[in-house]
Amino acid sequence: MARSNACCLVLLLLCGALLLDVNPGMMAISAVACPQYCLEVEYMTCPSTGNEQLSPRCNCCLAPKGCTLHLTDGTSVSCS
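As the structure is a prediction and not an experimental result, all values here were calculated from the model.

The biggest cluster of nonpolar side chains holds nine residues, and these are V41, M44, C46, L54, A63, C67, L69, L71 and C79. At the level of elements, β1 (41–45) and β2 (68–71) are the ones that each hand at least two residues to this core. What C46 contacts, discounting residues up to four positions off in sequence, is L54 and C67.

The next subject is the side chain of T45. If you trace the backbone, T45 turns up in strand β1. There is a polar contact of 2.9 Å between the side chain of T45 and the side chain of H70. Among all residues touching T45, those that are not within four sequence positions of it are G50, N51, E52, C67, T68 and H70.

Definitions and cut-offs
Residues numbered from 1 in each chain as written. Predicted model: local features only at pLDDT ≥ 70, side-chain atom pairs only at ≥ 80, totals over all residues. Heavy atoms only, no water. Core = buried A, V, L, I, M, F, W, Y, C linked by side-chain atoms within 4.5 Å. Buried < 20%, exposed > 50% of the residue type's maximum accessible area, 1.4 Å probe, protein only. Helix = DSSP H or I, 4+ residues; strand = E, 2+ residues; numbered from the N terminus. Contact = heavy atoms within 4.5 Å. Polar contact = N/O pair within 3.5 Å; in protein donor to acceptor, adjacent residues only side chain to side chain.

This is the structure in structure tokens:
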């Protein structure tokens, strides 16, 4: 009975990996942890939109890469 349960578990894991399009030999979990703080951002600019002032994001974790957050104190933060 234990062997049958173990086989079912392995089969279930392999099916899940195939459904998620994951290579079973390289089952690594990757996650990005975003800090839970919000800068005082006035507006945001991104290379893809030129000088257009976009709606601000709280921090670089939530902004697209390459964009710049312009803070209310006149400084800016480049998101890389």
